[in-house]
Amino acid sequence: MTRIAVLVSGGGTNLQALIDTQESEGLGDGELSLVVSSVPDVFALERAEKAGIKSLVLDTKNYAKQSEFDASLSSTLSEHDIGLVVLAGFLCVIGQKTLSTFENRIINVHPSLIPSFCGKGFYGLHVHKAALEKGVKVTGATVHFVNNEIDGGKIILQKAVDVLADDTPQTLQQRVMKEAEWVILPKAVRMFCNGEIK
Ligand code: GAR
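This report concerns the structure included in the present document. If you're wondering where the values come from, they're calculated on a predicted model, not measured in any experiment. (Residues numbered from 1 in each chain as written. Predicted model: local features only at pLDDT ≥ 70, side-chain atom pairs only at ≥ 80, totals over all residues. Heavy atoms only, no water.)

**Description of helix α1 (residues 13–24)**
Okay, step 1: For α1, which comprises 12 residues, the first-to-last C-alpha distance of 16 Å matches the rise-based estimate of 16 Å (1.5 Å per residue) to within 8%.
Okay, step 2: Regarding α1, the residues found buried are N14, L15, A17, L18, I19 and T21.
Okay, step 3: Positive backbone phi, at 90 degrees, marks G26, one or two positions downstream of α1. (Helix = DSSP H or I, 4+ residues; strand = E, 2+ residues; numbered from the N terminus. Expected span 1.5 Å × (residues − 1). Buried < 20%, exposed > 50% of the residue type's maximum accessible area, 1.4 Å probe, protein only.)

**Notes on the nonpolar core**
Okay, step 1: Membership of the largest hydrophobic core comes to 37 residues, with the highest contact counts inside it found for I4, V6, V86, I107, L185 and V189.
Okay, step 2: Once residues within four sequence positions are removed from consideration, V86 is found in contact with I4, A5, V6, L7, L18, I107, L185 and V189.
Okay, step 3: The next biggest cluster of nonpolar side chains, apart from the first, holds 19 residues, and it includes L56, L87, I94 and I106. (Core = buried A, V, L, I, M, F, W, Y, C linked by side-chain atoms within 4.5 Å. Contact = heavy atoms within 4.5 Å.)

**A closer look at the packing of α1 against helix α6 (residues 169–193)**
Okay, step 1: Direction vectors running N to C along α1 and α6 enclose 55 degrees, while the axes themselves pass 9 Å from each other. On the basis of the axis angle, α1 is oblique to α6. Note that α1 runs across α6; the crossing there is right-handed. Along the contact surface, α1 presents T13, N14, A17, L18 and T21, while α6 presents M177, E181, W182, L185, P186, V189 and R190.
Okay, step 2: Broken down by class, the residue content of the contact of α1 with α6 amounts to seven nonpolar, three polar and two charged. (Axes fitted to C-alpha atoms, helices over the stretch in contact; angles between N-to-C directions. Parallel < 35°, antiparallel > 145°, perpendicular 65-115°, else oblique. Left-handed = near helix turned anticlockwise from the far one by under 90°. Nonpolar A, V, L, I, M, F, W, Y, C, P; charged D, E, K, R; others polar.)

**Examining the site of the ligand**
Okay, step 1: Inspection of the region around the ligand gives 13 residues, with G12, T13, N14, G124 and E181 positioned closest.
Okay, step 2: Between T13 and the ligand, the recorded distance is 2.6 Å, taken from a side-chain N or O atom to an oxygen atom.
Okay, step 3: In this structure the site holding the ligand corresponds to the largest pocket.
Okay, step 4: Only α1, β5 (106–110) and α6 provide two or more residues apiece to the shell around the ligand. (Near = heavy atom within 4 Å. Polar contact = N/O pair within 3.5 Å; in protein donor to acceptor, adjacent residues only side chain to side chain. 1 Å grid on protein atoms, 1.4 Å probe; cavity = no way out; pocket = protein on both sides within 12 Å on 5 of 7 lines; lining within 4 Å. Sits in = over half its atoms within 2 Å of the grid points.)

**Some points on the sheet that holds strand β3 (residues 55–57)**
Okay, step 1: Read across the open sheet, the seven strands follow the order β3-β2-β1-β4-β5-β6-β7; overall the sheet is mixed. Two strands close off the open sheet at either side, each with one partner strand: β3 and β7 (155–162). In this sheet, adjacent strand axes meet at a mean angle of 20 degrees when their direction is disregarded.
Okay, step 2: One ladder, built from seven bridges, connects strand β1 (residues 2–8) with strand β2 (residues 30–37); its direction is parallel. Bridged to V6 within β2 is V35. (Pairing = 2+ DSSP bridges.)

**Examining the packing of aromatic side chains**
Okay, step 1: Within this structure, the stated rule accounts for three aromatic pairs.
Okay, step 2: Look at Y63 and F69: their rings are 5.5 Å apart centre to centre, the planes differ by 80 degrees, and that puts the pair in the edge-to-face class.
Okay, step 3: With a relative accessible area of 22%, Y63 lands in the partly exposed category.
Okay, step 4: Through a chain of ring-to-ring contacts, three or more aromatic side chains come together here, namely Y63, F69 and F90. (Phe/Tyr/Trp six-rings, centres within 6.5 Å; stacked < 30°, edge-to-face > 60°.)

Printed below as a string of structure tokens:
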């Protein structure tokens, strides 16, 4: 059984998609075992509690240096015997210690078709705003492995979503979540836990 940690910083709708999938069809050989938030009092923590998943907060504000946060995150994940780390709206850069300890075991969901609209500064609504400004007709979401380049790791799954003429960043974000992120993230987690990703 692969113990899965989900790292969050906000509302946690992708966490909810994982919880719902675990309850309906399962996550293969995986089990949601821990939720870590970098921000206190976010709704994702309530979702974890309701689902009976252990959660804890590593508040970035309590760490003077990024390397201290990194060390704390890495040891927390190791203590909980985590085999897969899922970044689901986690708005912190993963440091070297965590990257090396969990090499090829950290995945992220990003709300665009990488390599478009990704890298530093591209997160949340900023991504959809940039897509609308560019005038793309198709966008989507990507699940990829995490390495030391922001949004630069190997791509696991992608799903395209049409941009509509009257879209706002908010309506586009909602459609990309519903049609792409909440579909491909649970699928990628199940594939990983079943050993289907090489
Ligand atoms: C999601 O759209 C996720 O793809 C994005 O933040 C949102 C979190 O929503 N992540 C990034 O932009 C990372 N670069 P959620 O908390 O409701 O899952």
